[in-house]
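Reading the structure
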Amino acid sequence: MSTAHPIDSRSGTHFWVLSVDKPGRVSTTRSGTCTPAPGSTRESVYRDIYLSVTDADPILRGSTVLFFSLELNRL
């Protein structure tokens with residue numbers, strides 16, 4: 001996994017938001033922080049976050065992504 005604690009880390013270098021939907025069944029938006037491992041790509045971090053969210057709640061497995069954002073966690 002190229003992210004370190006994608007959901008549990010509250011002081012990560014990046015903030016993410018992910019919205020997923022299973023039409024007629026469930027939709028949800030989750031957010032958190034992560035610190036990507038050196039050499040990570042945006043795609044690998046997205047994949048790790050998606051798998052972390054959907055593995056945590058089996059009804060979400062196979063959901064369609066409606067929105068994904070990954071930005072530096074600073075103002």
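Scroll up for the structure.
Just so it is clear, the structure is predicted and the values come from calculations on it, not from any experiment.

1. Some remarks on the overall build of the protein
A tally of regular secondary structure across the protein gives 1 helix and 4 strands. Along the protein, helices and strands appear, N-terminal first, in the series β-β-β-α-β. Counting every position in the protein, which comprises 75 residues, the buried fraction comes to 40%. Summarising the internal contacts of the protein: among those between residues at least 6 apart in sequence, 62% fall at separations of at least 24.

2. Looking at the nonpolar core
Formed by Trp16, Leu18, Val20, Cys34, Val45, Ile49, Tyr50, Val53, Leu60, Phe68 and Leu70, the largest nonpolar core amounts to 11 residues. For this core, the secondary-structure elements that each account for two or more residues are strand 2 (14–22), helix 1 (42–56) and strand 4 (64–72). The biggest single contributor to this core is helix 1, with 4 residues. Dropping the residues within four chain positions of it, Val20 is found in contact with Val26, Ser27, Thr28, Tyr50, Leu60, Ser63, Thr64, Val65 and Leu66.

Rules of the game
- Residues numbered from 1 in each chain as written.
- Predicted model: local features only at pLDDT ≥ 70, side-chain atom pairs only at ≥ 80, totals over all residues.
- Heavy atoms only, no water.
- Helix = DSSP H or I, 4+ residues; strand = E, 2+ residues; numbered from the N terminus.
- Buried < 20%, exposed > 50% of the residue type's maximum accessible area, 1.4 Å probe, protein only.
- Contact = heavy atoms within 4.5 Å.
- Core = buried A, V, L, I, M, F, W, Y, C linked by side-chain atoms within 4.5 Å.

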